[in-house]
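# Per-entry structural report
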Amino acid sequence: NEELSNKEIRQAISYAIDKQNIVSAIYWDKYYIANFPLDYGSYLYEDGKVIYEYNIDKAKSLLIENGWEFKNKTWQKTKDYRTLKLSFNLVVNFTSGKRLEVAENIKNSLEILGIKVNIIKANDVTYKKYLENKNYDMILTGKYTALSPNLSSYFGEENLANYNNETAKQILNDVKNIREEKILKEKYNNLIDIYKEDMPYVYLYWNRSSLICSSELMGDIKPNRYNLFYKINTWYRQ
């Protein structure tokens, strides 16, 4: 999509999607907000490092700064004697749990910003073809992240978004042979910075890991898929 090839539009979309509303209204706060594929307990992610928080005013400012004008209830821009408008298709598998509700929520959020969204409701077979052929403007999908970090499907060759960044690819290649924790963290933080600038994806939420414990156990109890005993050094018995 010509418009979505501009990172400023992708950044504006990221600001306009209210992840907290999705998690609260659709999943009753049983999910965590996600910002990056490693932000759910991986030691390679700097805890609390927020990528984009919901901010409609910031989203509008980004569009205005990049030559877009809100006119006749839509964002418009003249380029090469053509009038461009921000209007996208969003593909969703309507048989996949609550994802249709999530798609409707995203549609509403973006239309508050002034970006029109048409939801394409695909069955299992058609949805799979969309993913395989990458024949979509935007698609709502889910992915399992391995315990051993491998972000090739996001930033490597033949990734989900046809995203191409040579520096990101080099980082993925470098980390294969690095064992020092400090250097690994530096590399992955560089990758996070690249992602924050380019925003090829908008990560939405993680399903929670659960821990059954005594009511006497206190502290920052946040089990995750990487470590059931995450932050155990803060736990104590009441």
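Let us look at the structure shown here.

Here we take up the overall build of the protein. Within the protein, the regular secondary structure consists of 8 helices and 10 strands. Expected size for 238 residues packed as a compact globule is a radius of gyration near 18 Å; at 20 Å, the protein falls within 12% of this value. Projected onto its principal axes, the C-alpha positions of the protein cover 65 × 40 × 40 Å. Across the 238 residues of the protein, 40% fall into the buried class. The long-range share in the protein, meaning contacts at least 24 apart out of those at least 6 apart in sequence, stands at 65%. A total accessible area of about 13900 Å² is found for the protein, and carbon and sulfur atoms account for 46% of it. In the protein, which carries 34 positive and 31 negative side-chain charges, the distance between the mean positions of the two groups comes to 3 Å.

Moving on, we come to the packing of helix H1 (residues 7-16) against helix H4 (residues 99-113). Where H1 contacts H4, the two axes come as close as 9 Å, and the packing angle between them is 115 degrees. In this view, H1 runs roughly perpendicular relative to H4, as classed from their interaxial angle. The two elements H1 and H4 cross, and the hand of that crossing is right-handed. Where H1 approaches H4, its residues Ala-12, Ile-13 and Ala-16 are matched on the opposing element by Ser-109, Leu-110 and Leu-113. The class makeup of the residues in the contact of H1 with H4 is 5 nonpolar, 1 polar and no charged.

In space, the 3 strands of this open sheet follow the order E2-E3-E4, with antiparallel pairing throughout. A single partner strand is all that each edge strand has here, and the edge strands are strand E2 (69-71) and strand E4 (82-85). With strand direction ignored, the average angle separating the axes of adjacent strands in the sheet is 45 degrees. As paired strands, E2 and strand E3 (residues 74-79) are joined by 3 bridges and run antiparallel to one another. Directly across from Lys-71, in E3, lies its bridge partner Thr-74.

The next subject is the packing of aromatic side chains. According to the stated counting rule, one finds 18 aromatic pairs in the structure shown. Relative to Tyr-31, the ring of Tyr-27 has its centre 4.2 Å away and its plane inclined at 5 degrees; by these criteria the two rings are stacked. You can call Tyr-27 buried: its relative accessible area is 10%. By relative accessible area, Tyr-31 is classed as partly exposed at 24%. Seen in terms of ring centroids, Phe-36 and Phe-155 are 6.2 Å apart; in terms of plane orientation they differ by 25 degrees. Their pairing is stacked. Here the residue Phe-36 occupies a position in the loop between strand E1 (31-33) and helix H3 (56-65), and Phe-155 occupies one in helix H6 (residues 152-155), the gap between them amounting to 119 residues. What makes Phe-36 buried here is its relative accessible area of 1%. Of the aromatic side chains, those joined through ring pairs into one cluster are Phe-36, Tyr-45, Tyr-154, Phe-155, Tyr-163, Tyr-195, Tyr-201 and Tyr-203.

Moving on, we get to the nonpolar core. Membership of the largest hydrophobic core comes to 61 residues, with the highest contact counts inside it found for Ile-13, Phe-36, Val-102, Ile-106, Leu-110, Leu-151 and Phe-155. No other element matches helix H8 (residues 181-198), which puts 6 residues into this core. Apart from residues lying up to four places away in sequence, Phe-155 is in contact with Phe-36, Tyr-163, Ala-168, Lys-169, Leu-172, Leu-191, Tyr-195, Pro-200 and Tyr-203. Judged by nonpolar contacts, the second largest core, of 6 residues, contains Ala-122, Tyr-127, Tyr-136 and Ile-139.

For the rest of this paragraph, the subject is the environment of Gly-156. Secondary-structure assignment places Gly-156 in the loop between H6 and helix H7 (166-174). Given a relative accessible area of 8%, Gly-156 falls into the buried group. Taking the C-alpha atoms as reference points, Gly-156 and Ser-109, separated by 47 residues in sequence, lie 30 Å from one another. Dropping the residues within four chain positions of it, Gly-156 is found in contact with Leu-151, Tyr-163, Lys-169 and Leu-172.

Moving on to the pairing of E4. Direction of pairing for E3 relative to E4: antiparallel, over a ladder of 4 bridges. Note that in E4 the partner of Thr-78 across the bridge is Thr-83. Counted along the chain from E3 to the antiparallel partner E4, the turn is 2 residues long, and its residue Asp-80 has a positive phi close to 50 degrees.

Spatially, E6-E5-E7 is the arrangement adopted by the 3 strands of the open sheet, whose pairing is parallel. One side of each edge strand has no neighbouring strand; the edge strands of this open sheet are strand E6 (116-122) and strand E7 (138-139). In the sheet, strand E5 (residues 87-93) pairs with E7 via 2 bridges, with the strands oriented parallel. Across the sheet, the residue bridging to Leu-90 is Met-138, located in E7.

Conventions adopted
- Here, residues in each chain are numbered from 1, in the same order as that chain's written sequence.
- Thresholds applied to this predicted model are a pLDDT of at least 70 for local features of residues and 80 or more for the giving and counting of side-chain atom pairs; totals over whole chains, interfaces and linings are not thresholded and use all residues.
- Heavy atoms throughout the structure, all of them, feed into the side-chain values; hydrogens and water do not.
- In DSSP terms, a helix is any run of H or I states spanning at least four residues, a strand is any run of E spanning at least two, and both are numbered starting from the N terminus.
- Our radius of gyration looks at C-alpha atoms and nothing else; its globule reference is 2.2 Å times the residue count to the power 0.38.
- Each residue's exposure class comes from its accessible area (1.4 Å probe, protein chains only) as a fraction of the maximum for that residue type: buried when under 20%, exposed when over 50%, partly exposed otherwise.
- Contacts between residues were defined by any pair of non-hydrogen atoms, one from each residue, lying within 4.5 Å.
- In these tables, accessible area is a Shrake-Rupley quantity obtained with a 1.4 Å probe, and a residue counts as shielded only by the protein chains included in the view.
- Here Asp and Glu are counted as negative and Lys and Arg as positive; His is not counted, and neither are the chain ends.
- A charged residue contributes its charge at one atom only: NZ of Lys, CZ of Arg, CG of Asp or CD of Glu.
- To obtain each axis, a line is fitted to C-alpha atoms, and for helices this fit is confined to the stretch in contact; angles are then taken between N-to-C directions over 0 to 180 degrees.
- Any angle that falls under 35 degrees is termed roughly parallel, while one over 145 is termed roughly antiparallel, one within 65 to 115 roughly perpendicular, and all others oblique.
- Crossing handedness follows the turn of the near helix against the far one: under a right angle anticlockwise gives a left-handed crossing, and clockwise gives a right-handed one.
- Each residue receives one of three labels: charged for Asp, Glu, Lys and Arg, nonpolar for Ala, Val, Leu, Ile, Met, Phe, Trp, Tyr, Cys and Pro, and polar for the others, Gly being one of them.
- Any two strands with at least two DSSP bridges between them are considered paired.
- Only the six-membered ring of Trp is used, alongside the rings of Phe and Tyr, when aromatic pairs are assigned; centres must lie within 6.5 Å, and planes under 30 degrees apart are stacked while those over 60 apart are edge-to-face, with the rest tilted.
- Note on terminology: a nonpolar core comprises buried Ala, Val, Leu, Ile, Met, Phe, Trp, Tyr and Cys residues joined through side-chain atoms within 4.5 Å.

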